[in-house]
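Residue-level listing of the chains:
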Amino acid sequence: MLYFSGGSSGTTVEPNTSQCASCGTVNRVERIVGGQNTQVNEYPWQAALVVAGTNTVFCGASVYNDLYVITAAHCGVAIEQYNIKAEVLVGAHNVKSPSSAQQRVAVAQIINHESYDDNTLDNDIAVLKLARRITLSDFVKPACLPTAGKTYSGMTAVVTGWGALKEGGRQPSVLQEVEVPVISNQKCRESYGSDVTGNMLCAGYDRGGKDSCQGDSGGPLAVQDGARWVLVGVVSWGNGCARPGNPGVYARVTEYLGWLDSKTRQGDNNLCSGQTTSNPNPAITPNPAITTPNPVITTLNPANTTPPPSNKCSEYINDSCGLVNRADRIVGGVETSVHEYPWQVALTDKNSRRPFCDGSVIADRWILTAAHCVGRWSVSDDVVVVGEHKWTISTETTATKRRAIAQVVVHPEYNKNTMNNDIALLRLAEPLVFQSDNKVAPVCLPPPSQLFANVQATVTGWGTLKSGGNQPPSLNEVTVPTMTNARCSQKYGPGEITNNMICAGLEQGGKDSCQGDSGGPLVTPGGDSHMVQIGVVSWGYGCADGRYPGVYTRVNNYLDWMAGYLADSTTCSPAAVGR
């Protein structure tokens, strides 16, 4: 249906599940679908198509230049078919709360792709000409154009919009975002067959849970490619929203570079000191000989890579397109919901609330953390805090409890020089009680032997927002892709990365754990309903440096070692989830 809405190996620990129903279940509300609020004007290319004089968003769009926005052809057809008096809203965050950054402009002309097929949704792309020029600024500016011929398969993309929070659900007033992996068309055709053409791009998880939805149609799917964000897709269609095995389908922007240029030449990207070009990527100029509409045009003039002759745009990529407005966080992450990750714990001095390391609940008596965190420990001086979210407020939630430590168990082969076997267990003086509200609960342990290479994993903690920076008051999270140890060794050098480690991070950097996150959990979905902890935050060079990914202790190499300590404790089985 359309997205338009007209209105080393080991053995598994045998659990005692007498006290709890499940492990590894996050407490998360449904959002675009499975996403979260964006920061204000974080994605300055985002636009909304609204019914004139109202805040009713019926489609999304992307700023292309000061006179045109890109959207889906099926959105343009709907405007004409239903005689909608449409306006384009740019600079918006909360559509019900106007701000000085917002600009509202009428639609003067709808230019749907000439080869758009309303039945197959092939060539589902359009540009809308605005009734007047908008003012480009830090809060309103284009995403960059993608590189011709590049598939972006395997990269993590962000889709944004005001669409429904779940299939058939309500739309939010605040702009939402969700990260989804771009998949190959071959993989996508396993779900949709020949319905997926070369003019389409697919993104989503096999397990579902995260997707664009009704009301997001026409909006942007963007990928961070080096220092800039590029528009790789336009929200088009899919089978429901966030269903397992049914990824979202997008118009593939690389197939329309020449077409976009030919239709938008009256517009300017004047962020670069008077530069006038409809192409929002000043580093790559389309071949001006291409002027006829052709859905498979991918040719650019690669020789013309000279930046514009302007002092203002000496950093032209950042000044003119593709720069998000985002504050530093864990690094590059977002604040979690309260109790979203109920296994997260903070390690603090008994006279302080500030976390110096993190850990995770794996049983009612045991906390998993890093060995380098507890070398300084005295069981009488330090405590574990469970159920915490904002450590600066002691009364934020009744689930927050401080627990004394009865025993510290550091792995006997931990090497503080090489950081090999950087893992430890903390036995609580008093066992935890796992309640049905799931505000304090264990994370699931991973299966043995699985390498977990090239999966999306989430790290949580109260660590600094950047290398050498400040700690945030609230728990933060960031999702990063893991990689093979061979790839990680290429970055760190021979002998640095052992088989007891697992690495995660973006090639371009920007997202990572940091100081103060040590000992915290790196988790990934272990099935449809639960998360498994695959890593313990251990070490790395700096924070969020693309040259050096974060390094984590590989948890499933220590299942036998942990089993001996957990035998008399209560854990929870993932098999019990949802029963």
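Description of the structure in this document. Computed from a prediction, not measured in an experiment: that's the story for all the values here. (Residues numbered from 1 in each chain as written. Predicted model: local features only at pLDDT ≥ 70, side-chain atom pairs only at ≥ 80, totals over all residues. Heavy atoms only, no water.)

Side note on helix 6 (residues 485–492)
Next up, step 1: Considered for burial, the residues of helix 6 that qualify are Asn485, Cys488, Lys491 and Tyr492. Take helix 6 and look down its axis: the buried residues cluster within an arc of 115 degrees, on one side only. The exposed set on the far side of helix 6, more than 90 degrees from its buried face, consists of Ala486 and Gln490.
Next up, step 2: The inward-facing, buried residues of helix 6 abut strand 22 (476–483), strand 23 (501–504), strand 25 (531–539) and strand 26 (550–554). (Buried < 20%, exposed > 50% of the residue type's maximum accessible area, 1.4 Å probe, protein only. Helix = DSSP H or I, 4+ residues; strand = E, 2+ residues; numbered from the N terminus. Arc of directions from axis to C-beta. Contact = heavy atoms within 4.5 Å.)

Section: the sheet that holds strand 2 (residues 46–51)
Next up, step 1: If you walk around this closed barrel you meet the six strands as 2-3-4-7-6-5, and the pairing is antiparallel. Mean inter-strand twist for the sheet, computed between neighbouring axes without regard to direction, equals 45 degrees.
Next up, step 2: Sheet analysis places strand 2 next to strand 5 (residues 86–90), joined by five bridges and oriented antiparallel. Counted as the bridge partner of Val51 is Ala86 from strand 5.
Next up, step 3: Of the strands in this sheet, strand 2, strand 3 (57–63), strand 4 (68–71), strand 5, strand 6 (103–112) and strand 7 (126–130) are in contact with helix 1 (residues 73–81), which crosses strand 6 at around 100 degrees. (Pairing = 2+ DSSP bridges. Axes fitted to C-alpha atoms, helices over the stretch in contact; angles between N-to-C directions.)

Overview of the environment of Ser115
Next up, step 1: Structurally, Ser115 can be placed in the loop between strand 6 and strand 7.
Next up, step 2: What makes Ser115 partly exposed here is its relative accessible area of 37%.
Next up, step 3: In sequence terms Ser115 and Ile125 are 10 residues apart; their C-alpha atoms lie 9.6 Å from each other.

Focus on the sheet that holds strand 19 (residues 401–410)
Next up, step 1: Strand order in the closed barrel formed by six strands is 15-16-17-20-19-18, with antiparallel pairing between adjacent strands. Across this sheet, the average inter-strand angle for adjacent strands is 40 degrees, counted without regard to direction.
Next up, step 2: Pairing of strand 17 (residues 366–369) with strand 20 (residues 424–428), which is carried by four bridges, proceeds in the antiparallel orientation. Across the sheet, Thr369 pairs through a bridge with Ala424, a residue of strand 20.
Next up, step 3: Across the sheet, helix 7 (residues 559–566) lies against strand 17, strand 19 and strand 20, angled at about 15 degrees from strand 20, the strand it touches most.

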